[in-house]
Amino acid sequence: MTLLPFVLLLVGAMLAYAVNHRAAASLRSGGARLHSSPQYHGLFAALTVLTSALLLALVWLALDDVIIDHLIRRSLPPPDGDAASAGAMDLVMAEIHSLARGQTFGTPEPWKQKAADRLTAFRTGSAVALLVSLTCLSIGVLTLRRRRFTPELRARQGSERLTHAVMFACCAVALLTTAGIVAALLFETAKFLQKVPLSEFLFGLNWEPQIPIREDQVAASGAFGWTPVLVGTLVVTVVALVVAVPTGLFAAIYLNEFAHRRFKRVAKPVLEVLAGVPTVVYGFFAILVISPAMRRLGDALGLDVAPNSALAAGLVMGVMLIPFITSFADDALSAVPQALRDGALALGSTRAETMLKVLFPAALPGIVGGVLLAVSRAIGETMIVVMAAGLIARLTLNPLDSVTTVTVQIVTLLIGDTAFDNPKTLAAFALGTMLFLVTLMINILAIRVVQKYRETYD
Amino acid sequence: MLDSMAPAPDMRATAAPRAPKIDARGVNVHYGETQALHDVSIAIPDRSVTAFIGPSGCGKSTFLRCFNRMNDTIPSCRVSGGITLEGEDIFDPRIDPVQLRARVGMVFQKPNPFSKSIFDNVAYGPRIHGLAQGRDELADIVETALRKAALWDEVKDRLTAPGTGLSGGQQQRLCIARAIATRPEVLLMDEPCSALDPIATAQIEELIAELSSRFSIVIVTHSMQQAARVSHRTAFFHLGHMVELGDTDAVFTNPRDPRTEAYITGRIG
Amino acid sequence: MTPQLTTLDRVQASLGRRRRKERLLRASGLLAILFAFAMLGALFLSLISTGHSAFVQTHATLEVYVDPDEIREDRLPRGGFDEVLVAALGRALDGVALDERSTRRRVGAILSNGAQFQLRDRVAADPSLIGQTITLTVPVSDPYDQLNKGAIDPDTPEANRRLDDDQIAMFTQLQAAGLISTPLNWGLLVNADSRFPELAGLKGALIGSAWALIVCFLISFPLGIGAAIYLEELAPRNRFSTLIEVNINNLAAVPSVVYGLLALSVFIGWFGLPRSAPLVGGMTLALMTMPTIIIATRAALKAVPASIREAALGLGASRQQVVFGHVLPLAMPGILTGTIIGLAQALGETAPLLLIGMNAFITSAPDGPLSSATALPTQIFIWADSPERGFASRTSAAILVLLGFLITMNAVAVFLRNKLERKW
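All figures in this text were calculated on a predicted structure; none of them were measured in a lab. (Residues numbered from 1 in each chain as written. Chains lettered and ligands numbered in written order. Predicted model: local features only at pLDDT ≥ 70, side-chain atom pairs only at ≥ 80, totals over all residues. Heavy atoms only, no water.)

(A) Structural detail: the overall build of chain C. For chain C, the helix and strand inventory stands at 16 helices and three strands. Rg of the C-alpha trace for chain C: 31 Å, well past the compact-globule value of 22 Å for 424 residues, more than 25% over. Over its C-alpha atoms, taken along the principal directions, chain C stretches across nearly 100 × 75 × 40 Å. Nonlocal contacts in chain C, meaning residues at least 24 apart in sequence, comprise 73% of its contacts between residues at least 6 apart. Accessible surface, chain C as shown: approximately 18,700 Å² in total, 59% of it carbon and sulfur. Separation between the mean location of the 36 positive side-chain charges and that of the 34 negative ones in chain C comes to 19 Å. (Helix = DSSP H or I, 4+ residues; strand = E, 2+ residues; numbered from the N terminus. Rg over C-alpha atoms; globule rule 2.2 N^0.38 Å. Contact = heavy atoms within 4.5 Å. Areas by Shrake-Rupley, 256 points an atom, 1.4 Å probe, with all protein chains shown as cover. Lys, Arg positive; Asp, Glu negative; His and termini not counted. Charge placed at Lys NZ, Arg CZ, Asp CG, Glu CD.)

The structure is reproduced here in C-alpha cells:
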C-alpha cells in the first residue's frame, strides 16, 4: 500500500518520457530541426514529472500521520480533569492505534472504538487522496510539458539543470542529517534542562535515573549527575586504548617493515575480518569468554574482579580497535616517501632504526589522527559495553570494578517505554548531546590532522 | 683539525695509480626475469672521482647501488659476481650490510632530509653507530661535517630548525654532510644535482672536487659536462653493458667505442 | 690511528646491541599480530563450540492415537492435544503410571511446548485423522535437548542439574526404544522467535533484516551516488563544498547510537512512524551508510583517469553527458564494492535498532516494512540476554548465521573488486 504511490509516479514518468519522445521524434522525421535530440525531450518531461510527484509524495507521507494524529486527538472527549498528563493521552492514542490494527484486548469503550474507526477511515482517505492528487499532478505537469514542447526547446539543458538540482538535494540530505541530529539532541536536551539544572547534570556525582522520582523530587534528588558515567566511560576507553594502541602499532610496524609479502597478503585480510565483526558479536564474546576468564584469573591472583568489569569490556573493545589502528598506521607509514627509507638505510641504519627513528616520526601525525579516531570510536562504542559493562553508575577508577558508560545509559534508558516528557528518557538525550559534542571535537581534530599529514607528502 | 681547508690541488694531478678501493668483477644484476646489468668489471681507485654516464635506463644507478648493497632492499633484485672493498668481499655472509653502509655513504638524486632538525639530520649516523663519546664530540662531528659540506656558515645559527625547511641546494648539501658525518671511505652520489638549479649545482660540484682529496667518490650523472668537469675517470654505460672506461679526457676527446661517440655527440639520448 | 679505523671499530662494537634491538622489535610486532589472530581464533572457536549444537535439534518420534474423547471434530481447533501426546509417551515408557497429574505433567514436559500445536495443526488440516494412530516427530524440550547433546552430565550430583535421575531414566528409555533422533535444525531458520529455546528461530529476524537492508539500499544508494557525483564532478570548489566534505567525513565517524537518537526523535517522535518497524530501521541505517557510499563513490570516480573525461569533453559532450555516459559506468565496480561493504556494516549494526524498538519480542515474522520486527543483530542481543541454556547455543548459532552473511557479502565485494575493477 505504501509502495503504490511510488509505482504510480514511476508510471507517470515513463508515460511522460514516451509522450514527449514520440512528439519530438515525429517532428524530426517530418524534417524539422530540433535543438535537442528526442530522448532529451523525453527525459526532460520524465524528470519534471518525477521530481514534482516525488516531492509531493514525500511531503504527504511525512505529514499525513502527524495531521491525522492531531485530528483524532482533537476529536477525543477531553480527559477527566487537567491532571491527566500528555502521557495518559499517549496511552489512549496507542490503544486506539492498536484497535485500528485489529488487536482487541477485552472490550474497548465505544468512544475508543469510534476513534479507531475514524482513524482507519482517515488513513484510507489519505491514501486515496494521495493517489488521486499524484495522478492529477502527473497529468497536469505532463500536459504542461507537452504544450510547451517546441522544436527550439532546450530540453537537454533543462534536464541537466534538473539533474543538477536533484544531485544537490542528495548532498543536502547529508547536511540535513547533521542538522537533524543537532536539532533532535538540542530540543530534547533543552526539555531535560528544564527539569534538571545544567550544573546538576555536569557536576553532580550521582547518577540514579532508574529510581522512580516524584514530580517534586526531580531537581532536589540530584540523581542526574553524569560524572560517574563519564568517569566510567573514560576507564573503559583507557583500558581499550592500552590494549589497542601498542598492539596495533607494533602490528603495523611488523607488517610495514618486517613481514614477508606472502605473510602480509594473508595477515591483512585476516585483520580485516577482525574489523568486520559486528560489535554485538564482540559483546557476546565478552560475556561468553573474556569476563569469566578475567574472573578466574582474578581468583587465581587473589583479586576481586566484578562479573562485568571495565577490564573485560575494555579488553574486548581494544581487540575490536586493533585492526583499525593497524590499518591506519600501516597506511601512514606507507605514505612516507621511499626516499627517506633509502636515506636511512644508506646511512647504515638497521631496519629497526629506520622504522623507529625515521619512518615512525615522519608518519606520526597520520598515526596520531588514527589514534584520535580510535578514541572517538571507543567513546561511542555501544554494544560491547551494553552487554559486558555494568548498569549501575559507580564513581571509581578501578578497572576491576563494574562501571557504566554514556552509551550504556543511553540504551538502557531508552529500551522499554519512551514517553518524551519523562526525565529518564530526556536524560538519555542529554547524554547523547554530550557524546555527540565530544566525539565531534575529536573527529574534526583527527580529520584535520590526517588531512594536513596527507598534504605534506602529496 | 681534520678539515684543514687546504685549497684542492688540481684534481687530475692527484689521480695517481694506487691499489683500487673497490674492485668489481663480472657483476650481473637481474630484476625478476629481466637482466639490468651484464658482466660489468671495474676498479675504483682511492681518492678520486669516477663518473658513470649513459642514457637513462642504462644500468648506471643499478650498478652504483651494488656498492653499498642497497639493491638488497628490492625484493625482486638479484646480484651475482664479486665486489671487494679494500680486498674484502662485500657479499660475504659475515659482512653486515649495516657496517658496509657505514663505510660506503650515499647521496641520492632528490634531497631527502629527515623530518628532524638540521643538527639531528647530521648527527643521525654518528648517533646510531655510536661514533661519539659525548655531546661535545657529537657537536664537533656535526660541525666538521657541515663545514666540509660548505653549509656551516649558512646554518650555524639555526641548527634546531627543520632540515626540510632549507632550499633545494642546501638540502642536498645537508644530505652530503649527513653522509660524510659517519666518515665513510667511499661516497656514492646518484645524480646529486639533477633536482638543483645551476648555482646550487656549481656549489655541489665544487664540494665534490674538495671531498675527492679524502674520499673515493663515485658519481652517476646524466650530464656529460658535469662528468667532464668533476671526474678523473669516466665509465660509459649502454643498455646494461659498460661500453667504455678510461680517463675522462680520453673518453671525451677520443672515444674508442662508436656508441660512446654517438652518445657524447648527442646522437643517442 | 686513522679515523676510518675508529669508525669501523665503533660500528663493529655497536652491531650486537643493535641487532638484538631489531630482533626485539620484530618479535614484538609478530607477537602483536599473533595476539590479534589468537583473539580472532578464540572468538570463532568459542562461537563454533557453543553454537554448533544448535544446528541440530533433538526430536522424539511417537505413535500418537488421536483419541476422539479428547479431540472432537466440532471443537477444533481446541482439544486435549497435550493429553493425547502424554498418552502416546506413556505407551512408549514402561513402568510409568500416568494416574497422577504431577506425573503426567512431568512426562509431558519431555516434549516441547510446540509439540501440541504441531499436532493440532495437522489434525485441523485433516480432521479425518481423529480416531487414527499417526506417527509424529516433534522437538523435545530444552533440558532434554541439552541432555541428548551432552550439555547435562548425568554424573553430576542430582541437585546440581536440571533433570533428576527419574527424568534421565525416562529419556534413556526413549533413546533405547529408538524414538529419539537428532536431525538438522531447520527450525533455526524457518521458525520465528519463541519463549522456548527449542522452538525459537531466526525467520522473523531474517525477514526484518532483509526489509531493513532493502530500504537502506533503496535510500542510500541513489542518494549516496548523487551526492558523490555532485561533490566530485559538478560542485564548485568553495567554502560550501568544503563544509559538506567535512560534514560527510564527520558523519562517517558519529557514534551509531547517536543515529538511533536521531531516528527515535525525528522518525518516530515527529513523523509518527511506527516503532519496531524495519522501515524506520532501514531509514536509520541508510543515513549511516550514506557517508560510506559517498566516500567509496568519490574514490571510484577519482580513479577514472582525466584523459577519458577530456576526450569526451573534447568531442563536445556536456559535463553531465561525460559523467553519466563515460565516467559513472567505469566507476561502477568500485561503487558497487563500496556499497556492498557499507550494507554489510549496516547488517551488523545493532545499537540504533535497539533505540527504535527493533528488540521487541515478536513471535511471528513481519509481513511488511511497517510491521513490528527484529533484525539479526538485535535478535542476537535478545537471545544473549535470555537465561535459558538453550539460548546460549542459539545465540552463537545466530551469530554464525550473521557472520556467514557478512563473509558472503564481503567475498562478493572482493570478487567484484578483483574481477571488474580496472587498473589505470
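On we go.
(B) Spotlight on the domain arrangement of chain A. The domain boundaries assigned to chain A delineate domain 1 (3–171) and domain 2 (223–453). Domain 1 of chain A and domain 2 of chain A are separated by 45 Å when their C-alpha centres are compared. (Domains from an automatic or database assignment.)

(C) Looking closely at the interface of chain C and chain A. Contact with chain C, which involves 77 residues of that partner, is made by 84 residues of chain A. In total, chain C and chain A occlude about 7,000 Å² of area from one another, counting both sides; carbon and sulfur atoms represent 78% of this. It is C:Leu25, C:Arg26 and C:Leu261 in chain C that bury the most area against chain A; as a group they hold 9% of the surface buried on that side. The shortest N-O distance in the salt bridge between C:Arg18 and A:Glu353 comes to 2.7 Å. Connecting chain C to chain A are 12 residue pairs in polar contact (both at pLDDT 80 or more). Here the side of chain C that touches chain A gets 21 residues from one element, more than from any other, and that element is helix α1 (residues 3–51) of chain C. Taken together, the residues of the side of chain C that touches chain A break down into 52 nonpolar, 20 polar and five charged. (Buried area = accessible area lost by both parts, 1.4 Å probe. Salt bridge = Lys/Arg side-chain N within 4 Å of Asp/Glu carboxyl O. Polar contact = N/O pair within 3.5 Å; in protein donor to acceptor, adjacent residues only side chain to side chain. Nonpolar A, V, L, I, M, F, W, Y, C, P; charged D, E, K, R; others polar.)

(D) Inspection of the sheet that holds strand β3 (residues 180–181) of chain C at higher detail. Residues and elements named next belong to chain C. Spatial strand order, β2-β1-β3: three strands in an open sheet with antiparallel pairing. Both outer strands of the open sheet, β2 (133–139) and β3, are each paired with one neighbouring strand and no more. Inspection of the sheet shows strand β1 (residues 59–65) paired to β3 by two bridges, in the antiparallel sense. Bridged to His59 within β3 is Ser181. Packed onto the sheet, helix α4 (residues 115–125) meets β1 and β2 and runs at close to 140° relative to β2. (Pairing = 2+ DSSP bridges. Axes fitted to C-alpha atoms, helices over the stretch in contact; angles between N-to-C directions.)

(E) Structural view of the domain arrangement of chain C. Residues and elements named next belong to chain C. Domains assigned within chain C are domain 1 (54–185) and domain 2 (203–420). For domain 1 versus domain 2, the distance between C-alpha centres works out to 46 Å. Facing the eight residues of domain 1 at the interface are eight residues of domain 2. Both sides together, the interface formed by domain 1 and domain 2 hides about 580 Å², and carbon and sulfur atoms give 56% of it. Of all residues in domain 1, Ala54, Phe55 and Gln146 bury the most surface against domain 2, accounting for 58% of the area lost on that side.

(F) Geometry of unusual backbone geometry. Despite not being glycine, B:Arg69 has its phi angle at roughly 55°, a positive value. Looking at where B:Arg69 falls in the secondary structure, it is placed in the loop between α2 (60–67) and β4 (77–85). The class of B:Arg69 is buried, set by a relative accessible area of 13%. Phi at C:Ser276 is positive, roughly 65°, even though this residue is not glycine. (Buried < 20%, exposed > 50% of the residue type's maximum accessible area, 1.4 Å probe, protein only.)

(G) The arrangement of the UniProt feature "transmembrane region" (unreviewed entry) in chain A in detail. According to UniProt, the positions carrying the feature "transmembrane region" (unreviewed entry) are residues 42–63, 120–144, 165–187, 229–254, 266–290, 310–329, 358–379 and 426–447 of chain A. In the segment residues 42–63 of chain A, helix accounts for 100% and strand for 0%; the C-alpha atoms at its two ends are 32 Å apart. (UniProt positions renumbered as here; feature names shortened; annotations may be inferred.)

(H) Structural context of the pattern of salt bridges. Residue and element names in this part refer to chain A. Taken as a whole, this structure holds 38 salt bridges over all chains when the rule is applied. When the shortest N-O distance is used, the salt bridge between Arg156 and Glu160 registers 3.3 Å. Here the residue Arg156 and the residue Glu160 both occupy positions in helix α5 (residues 155–195), the gap between them amounting to four residues, near one helical turn. With a shortest N-O distance of 3.7 Å, Lys191 and Glu188 are connected by a salt bridge. Of this pair, Lys191 and Glu188 both sit in helix α5, three residues apart, which is roughly one turn of the helix. A relative accessible area of 27% means that Lys191 is categorised as partly exposed.

(I) Representation of the sheet that holds strand β6 (residues 104–107) of chain B. Residue and element names in this part refer to chain B. Ordered in space as β6-β7-β8-β3-β9-β10, the six strands form an open sheet in which the pairing is mixed. If you trace the sheet from one side to the other, it starts and ends with β6 and β10 (241–247), each paired once. Strand-to-strand twist in this sheet, taken as the mean axis angle between neighbours without regard to direction, amounts to 15°. Strand direction decides the pairing type here: β6 and strand β7 (residues 186–190), joined by four bridges, are parallel. Each residue of the ladder has a partner; that of Met106, found in β7, is Leu188. Lying over the sheet, helix α8 (residues 198–211) contacts β3 (49–53), β7 and β8 (216–220), oriented at roughly 150° with respect to β8.

(J) Highlighting the packing of α5(A) against helix α9 (residues 239–251) of chain C. As a packed pair, α5(A) and α9(C) sit with axes 10 Å apart at the nearest point and diverge in direction by 60°. In this view, α5(A) runs oblique relative to α9(C), as classed from their interaxial angle. Judged by the twist between their axes, the crossing of α5(A) over α9(C) is left-handed. Contacts between α5(A) and α9(C) involve A:Phe168, A:Cys171, A:Ala174, A:Leu175, A:Thr177, A:Thr178 and A:Ile181 on the former and, on the latter, C:Phe240, C:Ile244, C:Asn247, C:Ile248 and C:Leu251. Residues that form the contact of α5(A) with α9(C) fall into these classes: nine nonpolar, three polar and no charged. (Parallel < 35°, antiparallel > 145°, perpendicular 65-115°, else oblique. Left-handed = near helix turned anticlockwise from the far one by under 90°.)

(K) Expanded view of the confidence of the model for chain A. Taken as a whole, chain A shows an average pLDDT of 85; of its residues, 92% reach a score of 70 or greater. Confidence, read as mean pLDDT per element, is least for helix α7 (residues 218–221) of chain A in chain A (46) and greatest for helix α8 (residues 227–258) of chain A (95). (pLDDT = per-residue confidence, 0-100.)

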